[in-house]
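Take a look at the letters that make up each chain.
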Amino acid sequence: MKISKVVFPVGGLGKRFFPITRAIPKEMLGIMDKPLIHYAFEEAMAAGIEKFIFVTRHGKDSIEDYFDYMFAHSEYFDIKIGSVCYVRQNEPLGLGHAVLCAKNLIGNEPFAVMSADDFILHSKSCLSEMIKCYDGSNMVATVSVAPQDVDKYGILDVDREMNKLLVAKSVDEKPSIKDAKSTYAIVGRYLLSHEIFCILENLKPGTGGEIQLTDALLRMIPSHGLVGFKFEGKRFDCGSKEGLLSAILNVANQDKTLHHIIKNFYEEQR
Ligand code: UTP
């Protein structure tokens, strides 16, 4: 099934990165010479996406400035004029609310959502692999996390497993370890039916007082199903200091010109 539009929600506060995110959007934090949002955009392009919608907010102008340069230089991103739009989220009311802000730009077709702070290191585009398996059910990228981390994620209650796909019978936002039905966590890649907008419009704030995308996914299970996609490659939660540092080390380690810096650092610590 074709997916031609992606939503990049970039309206979050990035509190875990205060104070730097008081002035620099989390999505503009760098892994070497490129910001996180650049890698997400590359992944979307590799998946054949044709329309790119950023849900942005006060203080996030540097994302637009960055892409103005990138789109003016086709060696970075060779895209058609008019294929990028920016829509504002007036208040950071949650990921579900950010997605809802893109409603009028999506229309009646399935679409993708990508959180740039979930950085996935792999030779293939995770989004592209998901689109190949997409059959109209709501689909989320899934990774098994450590039991002590389940309370940071939407966690799937898995009904059955079919190769890379986990068919879910329920999903819980940030459950406690004792309540979690599995360790399969949702990470920031989604393929969604446009009908999610009707649900989001009527959703009350959930965990953390935010409009949660997970709550909308739960409500849609009877009509649209929910499938977790076990992607290949390494994923880093670059919304956290541990994740960003780990991503930088992994990328640098793959670069022949930088590898020796990491090696020397560890030798000096011995
Ligand atoms: P997070 O859950 O990581 O929230 O958002 P956050 O505010 O960015 O970061 P912390 O937890 O305060 O450190 C996941 C994705 O959803 C976007 C974020 O920009 C990120 O891409 N988001 C979140 C919005 O666009 N708007 C919101 O109101 C909340």
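Now for a look at the structure at hand. Fair warning: this is a prediction, and the values are worked out from it, not measured in the lab.

1. Brief notes about the side chain of Arg57
Next up, step 1: Relative to the helices and strands, Arg57 is located in the loop between strand 4 (51–56) and helix 2 (61–72).
Next up, step 2: Here Arg57 sits buried without a salt bridge, and the closest side chain of opposite charge, Glu27, lies 7.9 Å off (N-O distance).
Next up, step 3: The residues contacting Arg57, other than those within four sequence positions of it, are Gly11, Gly12, Leu13, Arg88, Gln89, Glu91 and Pro92.

2. A closer look at empty space enclosed by the protein
Unoccupied space between atoms shows up once a probe the size of one water molecule is rolled over them.
Next up, step 1: Applying the stated criterion across every chain yields a total of one cavity of 30 Å³ or more.
Next up, step 2: Within this model, the largest cavity holds a volume of roughly 40 Å³.
Next up, step 3: Around the largest cavity, the lining residues are His122, Cys126, Glu129, Lys164, Phe229, Phe231 and Glu232.
Next up, step 4: Partitioning the lining of the largest cavity into residue classes produces three nonpolar, one polar and three charged.

3. Things to note about the pattern of salt bridges
Next up, step 1: Enumeration according to the criterion identifies 18 salt bridges in this entry.
Next up, step 2: The salt bridge partner of Lys2 is Glu50, with a shortest N-O separation of 3.2 Å. Of this pair, Lys2 sits in the segment before strand 1 (5–9) while Glu50 sits in the loop between helix 1 (36–46) and strand 4, and the two are 48 residues apart along the sequence.
Next up, step 3: Salt-bridge contacts for Glu161 lead to Lys230; the nearest nitrogen and oxygen are separated by 2.5 Å. In this pair, Glu161 is assigned in strand 9 (residues 154–162) and Lys230 in strand 12 (residues 226–230), connecting sequence segments 69 residues apart.
Next up, step 4: Among the residues examined, Lys230 registers a relative accessible area of 24% and is labelled partly exposed.
Next up, step 5: One network of salt bridges, with partners in common, ties together Glu129, Lys132, Lys164 and Glu232.

4. Topic: the site of the ligand
Next up, step 1: Neighbouring residues of the ligand: 18 residues in total, closest Gly11, Lys15, Lys26, Gln89 and Gly94.
Next up, step 2: Lys26 is positioned such that a nitrogen or oxygen atom in its side chain is 2.6 Å from an oxygen atom of the ligand.
Next up, step 3: One of the side-chain nitrogen or oxygen atoms of Glu27 is found 2.8 Å away from an oxygen atom of the ligand.
Next up, step 4: Considering the ligand on its own, with 570 Å² of exposed area, one finds that the protein chains cover 83% of that surface.
Next up, step 5: When atoms are counted within 2 Å of each cavity's grid points, the one that captures over half of the ligand is the largest pocket.
Next up, step 6: Class assignment of the residues belonging to the shell around the ligand gives a composition of seven nonpolar, six polar and five charged.

5. Some points on a nonpolar patch on the surface
Next up, step 1: On the surface, Leu245, Leu249, Phe265 and Tyr266 cluster together into a nonpolar patch covering about 400 Å² of accessible area.
Next up, step 2: Residue assignment for the nonpolar patch shows that the elements contributing at least two residues are helix 8 (241–253) and helix 9 (259–269).
Next up, step 3: Here Leu245 is to be found in helix 8.

6. Overview of the layout of surface pockets
Next up, step 1: Empty space within the largest pocket amounts to approximately 1,100 Å³.
Next up, step 2: If you trace the largest pocket, you find 37 residues lining it, with Arg16, Lys26, Asp117, Lys174 and Glu210 closest to the centre.
Next up, step 3: Contributing elements (two or more residues each) for the lining of the largest pocket: helix 3 (95–100), strand 11 (184–192), helix 7 (213–224) and strand 13 (234–237).
Next up, step 4: Top element by residues in the lining of the largest pocket is strand 11. It accounts for four residues.
Next up, step 5: Of the residues assigned to the lining of the largest pocket, the class counts are 13 nonpolar, 12 polar and 12 charged.
Next up, step 6: Empty space within the second largest pocket amounts to approximately 330 Å³.
Next up, step 7: The wall of the second largest pocket is formed by 17 residues, among which Asp149, Tyr153, Arg235, Asp237 and Ser240 lie closest to the centre.
Next up, step 8: Among the elements of the structure, strand 8 (138–144), strand 13 and helix 8 are those that each provide at least two residues to the lining of the second largest pocket.
Next up, step 9: It is strand 13 that provides the largest number of residues to the lining of the second largest pocket, a total of three residues.
Next up, step 10: Here the lining of the second largest pocket is built from residues that sort into four nonpolar, four polar and nine charged.

7. Some thoughts on unusual backbone geometry
Peptide bonds are mostly trans, and most non-glycine residues show a negative phi.
Next up, step 1: Omega for the bond connecting Phe18 with Pro19 falls within 30 degrees of zero, at 10 degrees, which places this linkage in the cis form.
Next up, step 2: Among the secondary structure elements, Pro19 is positioned in the loop between strand 1 and strand 2 (30–31).
Next up, step 3: One non-glycine residue, Asn163, adopts positive backbone phi at about 50 degrees.
Next up, step 4: Relative to the elements of secondary structure, Asn163 occurs in the loop between strand 9 and strand 10 (165–173).

Cut-offs used in this document
Residues numbered from 1 in each chain as written. Predicted model: local features only at pLDDT ≥ 70, side-chain atom pairs only at ≥ 80, totals over all residues. Heavy atoms only, no water. Helix = DSSP H or I, 4+ residues; strand = E, 2+ residues; numbered from the N terminus. Buried < 20%, exposed > 50% of the residue type's maximum accessible area, 1.4 Å probe, protein only. Lys, Arg positive; Asp, Glu negative; His and termini not counted. Salt bridge = Lys/Arg side-chain N within 4 Å of Asp/Glu carboxyl O. Contact = heavy atoms within 4.5 Å. 1 Å grid on protein atoms, 1.4 Å probe; cavity = no way out; pocket = protein on both sides within 12 Å on 5 of 7 lines; lining within 4 Å. Points joined across faces, edges and corners; volume = space filled by probe spheres on them. Nonpolar A, V, L, I, M, F, W, Y, C, P; charged D, E, K, R; others polar. Near = heavy atom within 4 Å. Polar contact = N/O pair within 3.5 Å; in protein donor to acceptor, adjacent residues only side chain to side chain. Areas by Shrake-Rupley, 256 points an atom, 1.4 Å probe, with all protein chains shown as cover. Sits in = over half its atoms within 2 Å of the grid points. Patch = residues over 30% accessible without salt bridge, like charges linked within 9 Å, V, L, I, M, F, W, Y side chains within 5 Å.

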